[in-house]
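Given next are the chains, with one letter for each unit.
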Amino acid sequence: MYNFADDDIPDEKKVGFLCPYTVEELIDAAGFIPYRIIPESPDLDLVDAYLPNNICSYLRHLVDLAAKDGLRGYAGLVINNSCDAARRTYDVLKSHMGGLEIFFQDIPKKCDAPAVHYFSHILGGFVNFLEGISGVPLQKDAVRESIGRYNKNRALLSKLFSLRAQYPRLLRSEPILELLDANVRRPKSEMNIFFERFIGEVRETMEESGTAARKRVFVSGNLINPHTFFSIIEEAGGVIVGDDLCFGGRYFTHQTGENGEPLENLAQSYLTKTPCGRMVNSSDRYDAVMDALKRFHAHGLVYTSLKFCDNFLVDYPSLKKRLDMEGIPSLFLESEYYPMGKGQILTRIEGFLERIS
Amino acid sequence: MSLQSRVKRMLFDEPDPKKIMRGIGFILLKTALTPAGKFDLRAAKRFSLILYNHARRFFKYPQKAVFTSLFAPVELVHAFGLCPFSLEMLAGIAASMDLAPELLAGTEKEWLSTDFCSFHRAYIEIARIGLLPAPVFVLATAHTCDGTYKSFSEVSSLMSRPLIFLDTPYHSDRVAVDYLTEQLKNAAEQIEKVTKTTLDREKLERAFFFSNRARSALLEINEIRQNERPLLFGEDSLPFLTIWGSLLGHREGAALFERYRDELKRRSEEGWSQIKGKKRVLWLHLKPFFPNRLLRYIEQELGAVIVAEEINSVYWDELDIRSPWESLALKIMRNYWVGGIEKRLDNIRRTIESHHIDGVIHFSHWGCRQSNGGVRLIRDTVTEYGIPFLNLDGDCVDERSYSEAQYLTRLEGFMELLER
Amino acid sequence: MVCCERQRSEKTPTPRETGASMIFAGIDIGSVSTEMVILENTVPVCSIIMETGSNSREAADRMLAAACEKTGFSLSDFHFIVTTGYGRKTAGFSHRDVTELSCHARGAWHLNNSVRTVIDIGGQDSKVIKVGKSGKSLDFIMNDKCAAGTGRFLEVMARALEVEIEEMGKIATAAKESVKISSMCTVFAESEVVSLIAEGHPRDRIIRGLMDSIASRVVGMVHRVGLEPPLMLTGGVAKNEGVVRALEQRLGTSIQVPEEPQIVGALGAALIASEETAGKK
């Protein structure tokens, strides 16, 4: 269907990032490729020298990758203040992996006007960092153009997700996730052209409405690398009709103003998008989830998070109350960046699917 | 049934803040009647009286009670004549009363992850089962840790009381300081609305005055402890946090630390040497609050005396009434849990030098990622001085996984490193 | 199990009688096994290994009795006895107890004074110790909370696979590939092994995978303390060549295994005993 080469992007063009609150438009406007770090090796060999083992497994994989020199040659790396573990990860990388240019992007927890103002100041610092590594001043017009590209990308993704909910048997998780991964590792201009064509093709090959499909599952939470997890759900006989994961359903919920001051617009749109568990308006996330459950005709919700993630694990009891009130069955599963014990996950999913019609 | 079990049953079967208040009154009376000479330090009697009295006030006058997070600007609360109490310290006190296992078991039924810090879990449960008076409001800052906002938000919702939350920025440049300063000003306005009163500037000035006095006294105490012979055990100074966490800005907070300062000064001048320590230790982070002999073992049996603890560092400058909000903002932002790890490491370096430290122990409380994530860098820093570092894994509140034997070997091994 | 390298006959005069040499002993009272090493001055003359059983105090007494029987010494002949290990404080006749951390460092250094890191994998715990000048321990990390990465892990798996523990090393070495065991916990790993057998995976590959599991747990500890070659592996599990190979592969360096890896702690204790009285005469 499509084939994205992974080695045609030179390392020196890559600015690695981890979290969807990274304002990618600035990286793009500075002439780099925002490149989401998705460590591929399941093995952790060196990280124990740097981080304890009861800390986010994604960050542990990142540090392991960096320790093995896996980020050599990158133009830079952005770490966000997503959580306490990220702060310590930044400290460790700064101290021990000195060859890498790293920017720490703070994120306010609030999203009111003063927070937006503080965040736009942070983005000013980000601009300085990017200018430092590119050696070239960043023009406002370049940023506005990037914003345009990203707005388009997000609109296309929104359409894609609606299509998936309609035709979940056609738009299975594996190809969708591959597209989403490619989307955050390749130029948006290229991905936009691809998505337009792809969405057009899907609409042409419409099969009968997928709302008849049984066992429609919505996945919520913080799962950095959902490939295995989603395919287990499908193997067990369910279909994924939507999600609110960091680089899934929550990635494209905002549009940025294209006129006026770009940094302020970016600060505004990123800070007020459907929030991550770290933000004070977490309950807006529950509203978005409840809304999506209705829109996508989901039969049940699987709540999953990486182990040791306070921001997401602690939200489940509150979300569960809302789900219970609406009579929506839910399953709670902790996972790791590389999920182990596939059989155990499968059993729980199968048990859950038997509960939902 | 022992008194202990009777108290437990009372607390869990018929939770009633009024009963707790009466119970505290009883303990207060008992403490007042105990001669000061029975305590290791005379000031320790005062410590207990002040702590229990403050706790009793908190339960007796719920219309003045405020729940706060550790390192929140309690001076502001005192300025309104209200009574702040740190929920984390409350959890610690509950643990010291052996209540934690039941509290934590309760949270597990509610789907709360066991990897979540047990301090948070414990006080959420304390609030949920009705052991706390409904406060006027709840005050928290972001920088204690990720879990703080979640937990205080939950408590605020359980008690149906407003949450005033201060988003501590990572950075400390002008814009960041302004961001927090503005929030503090707004917080004062919010409190005025909630209490339907106006902030009396004189009261704020008094709160600053007492906070600054307590600060000076704490600074002097830390300096006196540079003394070549230990003048008190770390086990007796680690709990200082329970007082200054809630009573900075209150007359009693200042008075208490001045008492300690005076007594320690006297000991130093008289050449007091009843603590036969062999080695001088810096203790990082908190300690297990549930009943245990860990510190006694380290300091008294092994002879590794804690002459400094990170948690009692004075990291802030005097508060200035001429720019109150900025003053309080800077106080918050200088805390070494804010931002990157450099402040923490610098503090460790300074203390190793000033207190002639022989070895450093870090207590890795389960789930405390902002602290434990830094162990490698702390180890690197301590190693710069060629002295040994020991990381102890454990839990400050949950005693169910505590195994004394496992600690003993590590501690003895550490002692062997110190003695080489 | 009792084994002794050298024995004294009843006719040989005891050191006390000759006054020519001083006798020191180190006893490592572990949770699974107890070892004793006797030195004449600084030369090892006897080593004994036996099962601890359920009572460390009794084990210590039994060990002392066995040692005396084998060598003809009596308790009074020993100038200094150092006990170490889990039960180090239970032996009434001990002159001093020292942690197994210092004893392993000392014992390993005696066997090879260029050693910088000692990995000890015992029956129920594992530890990594940094060794400094003169065999002092510089830093350490212990795992005594979790069976994964200890001899217990191998015991459980040997039972599940119906092989002798002693055979596992050879089988693992001969296997061409390994099957990855994903479970971190010993109990769940056992279930996983049973499933793998049912799925038809060759036993030798599973065993090789298990060696890798132990290695990955231990290697994590090595990195936490800081990898500094040369390395030495001690403890009962060191006799398992499969584990040694898996560790070497993961650490990218060769690991020395002494001839009798189980007695290194007791040896170190005995050496520390001999140093205790260096100044006393």
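Above this text is the structure in question.
In this text the structure is predicted, and so the values were computed from the model without any measurement. (Residues numbered from 1 in each chain as written. Chains lettered and ligands numbered in written order. Predicted model: local features only at pLDDT ≥ 70, side-chain atom pairs only at ≥ 80, totals over all residues. Heavy atoms only, no water.)

Undergrad: I'm lost on the overall build of chain A in this one. Help?
TA: Counting its secondary structure elements, chain A contains 13 helices and eight strands. On C-alpha atoms alone, chain A measures out to a radius of gyration of 20 Å, which is about the 21 Å that the 2.2 N^0.38 rule sets for 357 residues. With the principal axes as the frame, chain A shows a C-alpha extent of 60 × 45 × 40 Å. Looking at chain A as a whole, 62% of its 357 residues are labelled buried. When the accessible surface of chain A is split by element, carbon and sulfur atoms take 49% of a total near 13,100 Å². In chain A, the 41 positive side-chain charges and the 49 negative ones have mean positions that sit 4 Å from each other. (Helix = DSSP H or I, 4+ residues; strand = E, 2+ residues; numbered from the N terminus. Rg over C-alpha atoms; globule rule 2.2 N^0.38 Å. Buried < 20%, exposed > 50% of the residue type's maximum accessible area, 1.4 Å probe, protein only. Areas by Shrake-Rupley, 256 points an atom, 1.4 Å probe, with all protein chains shown as cover. Lys, Arg positive; Asp, Glu negative; His and termini not counted. Charge placed at Lys NZ, Arg CZ, Asp CG, Glu CD.)

Undergrad: Hey, could you run me through the pattern of salt bridges in this one?
TA: Think of it this way: side chains of opposite charge can pair up when their charged atoms draw near. Scanning the model with the defined rule gives 68 salt bridges over all chains in all. For Arg250(C), the salt bridge is made with Asp212(C), and the minimal N-O distance between the two is 3.2 Å. In this pair, Arg250(C) sits in helix α8 (residues 241-251) while Asp212(C) sits in helix α7 (residues 203-225), placing the two residues 38 residues apart along the sequence. Salt bridges here are not isolated pairs; linked through shared partners, they connect Asp45(A), Asp64(A), Lys68(A), Asp212(C) and Arg250(C). (Salt bridge = Lys/Arg side-chain N within 4 Å of Asp/Glu carboxyl O.)

Undergrad: Would you mind going over the interface of chain B and chain A with me for this structure?
TA: One frequently used descriptor of interface size is the decrease in accessible area upon assembly of the parts. Opposite the 41 residues of chain B that make contact, chain A presents 45 residues. Summed over both partners, the interface of chain B with chain A buries about 3,700 Å², with 56% contributed by carbon and sulfur atoms. By the criterion of area lost to chain A, the three top residues of chain B are Asp146(B), Lys150(B) and Arg369(B), representing 20% of everything that side buries. For the pair chain B and chain A, the number of links is four salt bridges. A salt bridge links Arg369(B) to Asp310(A); the nearest nitrogen and oxygen atoms lie 2.9 Å apart. The tally of links between chain B and chain A comes to 24 residue pairs in polar contact (both at pLDDT 80 or more). Of all the secondary structure elements, the ones that give two or more residues to the side of chain B that touches chain A are α8 (146-159), β4 (163-166), α9 (174-195), α17 (369-372) and α18 (375-384) of chain B. Counting residues per element, the side of chain B that touches chain A draws most heavily on α8(B), at five residues. For the side of chain B that touches chain A, a count of residues per class yields 18 nonpolar, twelve polar and eleven charged. (Contact = heavy atoms within 4.5 Å. Buried area = accessible area lost by both parts, 1.4 Å probe. Polar contact = N/O pair within 3.5 Å; in protein donor to acceptor, adjacent residues only side chain to side chain. Nonpolar A, V, L, I, M, F, W, Y, C, P; charged D, E, K, R; others polar.)

Undergrad: Help me understand the sheet that holds strand β6 (residues 239-243) of chain A in this model?
TA: In sheet architecture, strand pairing relies on hydrogen bonds along the backbone and comes in two forms, parallel and antiparallel. All names here are of chain A. Within the open sheet, the four strands sit side by side as β6-β5-β7-β8. Their pairing is parallel. The two strands at the open ends of the sheet, each matched to only one other strand, are β6 and β8 (330-335). Going across the sheet, the axis of each strand differs from the next one's by a mean of 30°, ignoring polarity. Taken together, the six bridges between strand β7 (residues 300-306) and β8 define a ladder with parallel strand orientation. Residue pairing for β8: Val302 is matched across the bridge by Leu331. Its contacts with the sheet put helix α12 (residues 316-326) on β5 (216-222), β7 and β8, and the angle it makes with β8 is roughly 160°. Seen against the sheet, helix α13 (residues 342-355) touches β5, β7 and β8 and runs at an angle of roughly 170° to β8. (Pairing = 2+ DSSP bridges. Axes fitted to C-alpha atoms, helices over the stretch in contact; angles between N-to-C directions.)

Undergrad: Got a minute to help me understand the packing of aromatic side chains in this structure?
TA: One pair of aromatic rings is described through two measures. These are the centre distance and the angle between the planes. Within the structure shown, the criterion is met by 39 aromatic pairs over all chains. Centroid distance Tyr303(A) to Tyr316(A): 5.3 Å. Interplanar angle 35°. Geometry classified as tilted. Taken together, the residues Tyr303(A) in strand β7 and Tyr316(A) in helix α12 connect sequence positions 13 residues apart. Tyr303(A) gets classed as buried once you look at its relative accessible area, which sits at 0%. Each ring, one from Tyr315(B) and one from Trp316(B), has its centre 4.9 Å from the other, and the planes form 65°; the classification is edge-to-face. Of the two residues, Tyr315(B) and Trp316(B), both sit in the buried class. The rings of Phe71(B), Trp244(B), Tyr315(B), Trp316(B), Tyr336(B) and Trp337(B) are connected pair by pair, giving a single aromatic cluster. Positioned over the ring face of Phe161(A) is Arg164(A), at 4.6 Å from the centre of the ring. Stacked on the ring of Trp272(B), the Lys or Arg Arg267(B) has its end atom at 3.8 Å from the ring centre. (Phe/Tyr/Trp six-rings, centres within 6.5 Å; stacked < 30°, edge-to-face > 60°. Lys NZ or Arg CZ within 6 Å of the ring centre and 35° of its normal.)

Undergrad: Please explain helix α12 (residues 240-247) of chain B as it appears in this structure.
TA: Because the α-helix completes a turn every 3.6 residues, residues three or four places apart line up on one side. Residues and elements named next belong to chain B. The element α12 is extensively covered by neighbouring structure, given that eight of its eight residues are classed as buried. If you check which residues of α12 are buried, you get Phe240, Leu241, Thr242, Ile243, Trp244, Gly245, Ser246 and Leu247. Of the residues trailing α12, Gly249 is marked for its positive phi of about 105°.

Undergrad: What is the right way to look at the packing of α9(B) against helix α15 (residues 324-333) of chain B in this model?
TA: How two helices sit against one another is set out by the angle between their axes and by the gap between those axes. All names here are of chain B. Axis separation between α9 and α15 bottoms out at 8 Å; the angle between their running directions is 115°. Here α9 runs over α15; the crossing is right-handed. Two secondary-structure elements touch here, α9 through Arg174, Ala176, Val177, Leu180, Thr181, Leu184, Lys185 and Ala188 and α15 through Trp325, Glu326, Leu328, Ala329, Leu330, Ile332 and Met333. For the contact of α9 with α15, the class distribution of residues is eleven nonpolar, one polar and three charged. (Left-handed = near helix turned anticlockwise from the far one by under 90°.)

Undergrad: What exactly am I supposed to notice about the packing of helix α8 (residues 227-235) of chain A against α13(A) here?
TA: All names here are of chain A. Where α8 meets α13, the axes come as close as 9 Å, and the angle between the chain directions of the two elements is 50°. Our classification of the angle between α8 and α13 gives oblique. Every pair of crossing elements has a handedness; the one defined by α8 and α13 is right-handed. In this structure, α8 uses Phe229, Ile232, Ile233 and Glu235 to contact α13, whose residues at the interface are Lys342, Ile345, Leu346, Ile349 and Leu353. (Parallel < 35°, antiparallel > 145°, perpendicular 65-115°, else oblique.)

Undergrad: Explanation requested: the nonpolar core in the structure shown.
TA: If you look at soluble globular proteins, the nonpolar side chains tend to sit buried side by side. Within the largest apolar cluster, 295 residues are counted, with the highest numbers of intra-cluster contacts made by Leu26(A), Ile349(A), Leu132(B), Trp244(B) and Leu411(B). Considering each element in turn, this core owes the most residues, ten residues, to helix α4 (residues 113-134) of chain A. In this view, Leu411(B) contacts Leu294(B), Tyr297(B), Ile298(B), Leu302(B), Ile361(B), Leu390(B) and Leu392(B); residues no more than four positions away in its chain are not counted. (Core = buried A, V, L, I, M, F, W, Y, C linked by side-chain atoms within 4.5 Å.)

Undergrad: Would you mind showing me how to read the sheet that holds strand β1 (residues 14-17) of chain A here?
TA: Residue and element names in this part refer to chain A. With parallel pairing, the four strands of this open sheet are ordered in space as β2-β1-β3-β4. Looking at strand neighbours, the two that pair on one side only are β2 (33-36) and β4 (102-105), the edges of this open sheet. The sheet shows a mean angle of 25° between the axes of neighbouring strands, direction not considered. The pairing of strand β3 (residues 76-80) with β4 spans four bridges and is classified as parallel. Its bridge partner being in β4, Leu77 is matched across the sheet by Ile102.

Undergrad: Just to check I follow, could you spell out the interface of chain C and chain A for this structure?
TA: Between chain C and chain A, the contact holds nine residues from the first and ten residues from the second. Summed over both partners, the interface of chain C with chain A comes to about 800 Å²; 47% of that surface belongs to carbon and sulfur atoms. Of all residues in chain C, Ser182(C), His223(C) and Arg224(C) bury the most surface against chain A, accounting for 56% of the area lost on that side. Taken together, the connections running from chain C to chain A amount to three salt bridges. For Asp43(A), the salt bridge identified is with Lys180(C), shortest N-O distance 3.5 Å. Summed over the shared surface of chain C and chain A, the number is four residue pairs in polar contact (both at pLDDT 80 or more).

Undergrad: Is there a simple way to explain the side chain of Asp64(A) in this structure?
TA: Along the chain, Asp64(A) falls in helix α2 (residues 57-67). When residues no more than four places from it in sequence are discounted, the contact partners of Asp64(A) are Asp43(A), Leu44(A), Asp45(A), Leu46(A) and Val47(A).

Undergrad: Could you clarify how one ought to interpret the pairing of strand β3 (residues 43-51) of chain C in this entry?
TA: In summary, the side chains of a regular strand alternate between the two faces of the sheet. Where strand β2 (residues 33-40) of chain C lies against β3(C), eight bridges are found, and the strand directions are antiparallel. Opposite Leu39(C), over in β3(C), you have Pro44(C) as the bridge partner.

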